[in-house]
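Structural characterization, general
Listed below, chain by chain, are the residues.
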Amino acid sequence: MGGLFLGASGCSLLSFATTTSTLSYGVVLISVGAGTMYTPSYSLARGLFMDEGYAATAAGVMFGGKSIGNGCASLSIILAESIGWRNTYRIIAAVLLTSVVGIAGMSISDPNLADKLAKPIPQIESGDGSGRGNGAAEDAPPTTTSVSISTGSEPKLSGFGALASGVYSQLTIFLGALLVVSVLSDTPLTIVMWWYPSYISSAYSQSDNIYSMYNAALQCFAGAAGGIIGGRLADIMGRESSAGMLYTPCVLQLGAAVGLGGSLYSGTFLGSFGWYGLFVFCTTGTSGAMYTVIQNVTRSKECDAVLGTFLLTNWLIAAMLADSIGESAWKIRMKLIAMVPTTALASAGYLVLAPSYDGQKKRAAAEDALLAAALAEGESGESSDPLLGRSKGL
């Protein structure tokens, strides 16, 4: 709710701005609000749909909603020309405040919502192929999987130090490789969204309004459908085989490469937009599976911090690459062409990582179960917490 409120405040401030400094403050508020909304939004979906039978689907719905938001952003260009940019920002602020009321209503209707999202979750591999989130801690002994245990002698950390330590504790070769693959997967989406309007407008001499209308329809339908279908497909394939959760983005990234290549070499405006729709469908569909995998290979206590690290890394790298080379027409085209093999590399990366996914998921699940058991025993004053490195009830 805080992120939505900051975003609404920034839009309101922009709508009344009369100086450059006021405009800057408004942009900062919007940026901070957007940044603080993303990971908590995913946590909300994760907390409400912990069963992996729907985990990727829930994440896909969230990313599909983001695509609809991108479509509405295109429509806002037309809206600004009709009613003025100040009134447009006021409408956006009103929409964001309405969302705040909606989330507050969820909290009121479910008083235990905060506990569901905050408490460590005792998840382990249940053995039925459905993955984390559908078994209790006693279904399988956590000692069957190697986990990291603190000795209790480590110095206590707080604030950012504790956050960084928690993220570092979850860093594995698999997670590091997944970070690289996620950059290869997310960067094309960001760069294409950034430069495609300039490319298609110059290539086919279309006005911004025409592009905005087509893009709004494409983002709302292709993006939303891609998020939902891609997430559901990942859930279904994940039940057949744990590796199936990563085979889904592998196939979708190949589709994204085909879609982007077809868009660049189509030769017609409508044909280019049609292929671009395939690209949007596939890249949005990848996100639900990718971020569910990150959740499943990370201990629940550090899951949000690791997700935030992935998102920040992807955004920074994409932003730096998007502004590189130059802004002339042929340089923009070269940037877009370079994204075709990048998506193909992402597809290959998911394929390589897929066989290792099951073992990494079991490791994180065992750590979750061990932490939950230690905390439960600590409440009765009988044990210490082996994962947090501090004594309880002694």
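Residues numbered from 1 in each chain as written. Predicted model: local features only at pLDDT ≥ 70, side-chain atom pairs only at ≥ 80, totals over all residues. Heavy atoms only, no water.

Let's talk about the nonpolar core
For clarity, the cut-off: What makes a nonpolar core is a set of buried Ala, Val, Leu, Ile, Met, Phe, Trp, Tyr and Cys residues whose side-chain atoms join them at distances within 4.5 Å. Under the scheme applied here, a residue whose accessible area is under 20% of the maximum for its type counts as buried, over 50% as exposed, and between as partly exposed, the area being computed with a 1.4 Å probe on protein chains only. Helix numbers and strand numbers start at the N terminus; a helix is a DSSP run of H or I with at least 4 residues, a strand a run of E with at least 2. Contact definition: two residues touch when any of their heavy atoms are within 4.5 Å.
Counting 30 residues, the largest nonpolar core has Phe174, Leu178, Leu246, Tyr291 and Tyr350 as its most contacted members. At the level of secondary structure, the elements contributing two or more residues to this core comprise α2 (20-48), α3 (52-83), α7 (173-204), α9 (244-264), α10 (269-296), α11 (303-322) and α12 (329-353). With sequence-adjacent residues up to four places away left out, leucine 246 is seen in contact with Phe174, Val293, Tyr350, Leu353, Ala354 and Tyr357. Residues Val192, Phe269, Ala322 and Ile332 belong to the second largest nonpolar core, which totals 25 residues.

What to know about the pattern of salt bridges
Under the convention used in this document: By convention in these notes, a salt bridge is any Lys or Arg side-chain nitrogen within 4 Å of a carboxyl oxygen on Asp or Glu.
Applying the stated criterion across every chain, the model contains two salt bridges. The closest approach of N and O atoms between arginine 232 and aspartate 235, which form a salt bridge, is 3.7 Å. Linking arginine 232 with aspartate 235, this pair stays in helix α8 (residues 208-240), spanning three residues, or about one helical turn. On the accessibility criterion, arginine 232 (24% relative accessible area) is partly exposed. Given a relative accessible area of 1%, aspartate 235 falls into the buried group. We note a salt bridge from lysine 362 to aspartate 358, for which the minimum N-O separation is 3.4 Å. You can see lysine 362 and its partner aspartate 358 sitting in helix α13 (residues 357-379), four residues apart, about one turn around the helix. For lysine 362, a relative accessible area of 35% puts it in the partly exposed group.

Considerations on the confidence of the model for the chain
For the record, the criterion: Confidence of the predictor at the level of single residues is captured by pLDDT, which takes values from 0 to 100.
Confidence in the prediction of the chain, expressed as mean pLDDT, is 76, and 75% of residues score 70 or more. At the low end of the mean pLDDT range in the chain sits helix α5 (residues 113-118), at 54; at the high end sits α9, at 93.

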